[in-house]
Amino acid sequence: MSTNLQSCPICKLLLLFILQCIITTTTVAQAPAPAPSGPTNITKILEKAGQFTTLIRLFKLTQVGDQINTQLNNSNQGMTVFAPTDNAFSALKAGTLNSLSDQQKVQLLQFHVLPQYLTTSQFQTISNPLRTQAGDSASNKFPLNITSSGNQVNVTTGVMDTTVSNTLYTDGSLAVYQVDQVLLPMSMFGPQSPAPAPAPAKKKKSGADDDTPATDDSSPSADASGAVGSGGHVRGMIVGSVGVIVFIALICL
């Protein structure tokens, strides 16, 4: 029987085919199924890219990172994030972050987030200034302007200028771009308008009695001075009349 199988070419081909099927089936059964992709997580994206420790810490501290994840995973609205590197934060003036209130830290991070998904090619056709998650894009608030020249994308805030140096992540709903400077908004880091000068205080006339009621020109009240003069005149008349009467009485006696 074995001699017949070895001498039969067709039998050899069938045997090889059966063995190949068994091997393939066993290999497929043992291969692990691909893990399902989890929800988008901006923190994990930055951790994988490296050199974004400060930004990750701020995202966690202010919960802006959670807000980004929630919005991405629960709506169809895309987002674009500009991610400053650790070196970008280190280049800030000493004490800059510590001088900001909690609300200002939130606004600073939101200024790096656009509520729309933008590819590098779309940067060439957008209208400036762009509205960020920080809010008002007026010239003295949170303006963000992006221009593109060839492959270079420039970002300006009115306080500083930088360029997009790398594309860290893009999936059709979230785009994360590396920038080498922290984007500083005008409302927090721009020139502050001077405070209005206080109104000049009215000066009192030299030598005036502080307790004496005064008119606008600091002179004593006319009613008060008139009353004093009138009272003195009446007393003088009474004293004079009494003196005349006494003189006449002495003559008669």
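Residues numbered from 1 in each chain as written. Predicted model: local features only at pLDDT ≥ 70, side-chain atom pairs only at ≥ 80, totals over all residues. Heavy atoms only, no water.

A. Geometry of the overall build of the protein. Of regular secondary structure, the protein possesses 9 helices and 6 strands. Going through the 253 residues of the protein one by one, you find that 28% of them count as buried. Look at the contacts in the protein between residues 6 or more apart in sequence, and 59% of them connect residues 24 or more apart. Carbon together with sulfur atoms contributes 57% to the accessible area of the protein, which is approximately 17000 Å² in total. (Helix = DSSP H or I, 4+ residues; strand = E, 2+ residues; numbered from the N terminus. Buried < 20%, exposed > 50% of the residue type's maximum accessible area, 1.4 Å probe, protein only. Contact = heavy atoms within 4.5 Å. Areas by Shrake-Rupley, 256 points an atom, 1.4 Å probe, with all protein chains shown as cover.)

B. Looking closely at the packing of aromatic side chains. Counted according to the given criterion, the structure contains 4 aromatic pairs. Between the aromatic rings of F82 and Y177, the centroid separation amounts to 6.2 Å while the plane-to-plane angle is 35°, which identifies the pairing as tilted. Linking F82 in strand β1 (residues 79-84) with Y177 in strand β6 (residues 174-179), this pair joins segments that are 95 residues apart in sequence. When its relative accessible area of 1% is taken as the criterion, F82 is described as buried. Grouping aromatic residues by their ring pairs yields a cluster made of F82, F123 and Y177. (Phe/Tyr/Trp six-rings, centres within 6.5 Å; stacked < 30°, edge-to-face > 60°.)

C. Representation of the packing of helix α3 (residues 42-49) against helix α4 (residues 53-62) in the model. Their axes nearest at 10 Å, the elements α3 and α4 cross at an angle of 165°. Between α3 and α4, the angle is such that the two are roughly antiparallel. By crossing handedness, the relation of α3 to α4 is classed as left-handed. Of the residues in α4, those touching α3 at I42, T43, L46 and E47 are L55, I56, F59 and K60. Tallied by class, the residues present in the contact of α3 with α4 amount to 5 nonpolar, 1 polar and 2 charged. (Axes fitted to C-alpha atoms, helices over the stretch in contact; angles between N-to-C directions. Parallel < 35°, antiparallel > 145°, perpendicular 65-115°, else oblique. Left-handed = near helix turned anticlockwise from the far one by under 90°. Nonpolar A, V, L, I, M, F, W, Y, C, P; charged D, E, K, R; others polar.)

D. Structural context of the pairing of β1. The element β1 is extensively covered by neighbouring structure, given that 6 of its 6 residues are classed as buried. Alignment of β1 against β6, held across 6 bridges, turns out to be parallel. For T80, the partnering residue across the bridge sits in β6 and is A175. (Pairing = 2+ DSSP bridges.)

E. Region of the structure containing the layout of surface pockets. Roughly 200 Å³ of internal volume is contained in the largest pocket. G38, P39, T40, N41, K44, I45, K48, A49, L168 and Y169 together form the lining of the largest pocket. Among the elements of the structure, α3 and β5 (161-170) are those that each provide at least two residues to the lining of the largest pocket. For the lining of the largest pocket, the per-class residue count stands at 5 nonpolar, 3 polar and 2 charged. If you add up the space inside the second largest pocket, you get close to 150 Å³. Lining the second largest pocket are 13 residues, and of these R57, G95, T96, L97 and N98 lie nearest its centre. At the level of secondary structure, the elements contributing two or more residues to the lining of the second largest pocket comprise α4 and α6 (86-90). For the lining of the second largest pocket, the element with the highest residue contribution is α4, accounting for 3 residues. Partitioning the lining of the second largest pocket into residue classes produces 6 nonpolar, 4 polar and 3 charged. (1 Å grid on protein atoms, 1.4 Å probe; cavity = no way out; pocket = protein on both sides within 12 Å on 5 of 7 lines; lining within 4 Å. Points joined across faces, edges and corners; volume = space filled by probe spheres on them.)

F. Molecular detail of the environment of T119. In this structure, T119 sits in the loop between β2 (113-114) and β3 (145-149). You can call T119 partly exposed: its relative accessible area is 23%. Sequence separation of T119 and A175 is 56 residues, and the distance between their C-alpha atoms is 7.2 Å. Looking at T119, its side chain comes within polar contact range of the side chain of S121, at 3.0 Å. (Polar contact = N/O pair within 3.5 Å; in protein donor to acceptor, adjacent residues only side chain to side chain.)

G. Fine view of the side chain of T132. Examined against the element boundaries, T132 turns out to sit in the loop between β2 and β3. Here T132 is in contact with Q110, F111, V113, L114, P115, F142 and L144, once residues within four sequence places are set aside.

Shape descriptors only; they carry no functional weight alone.
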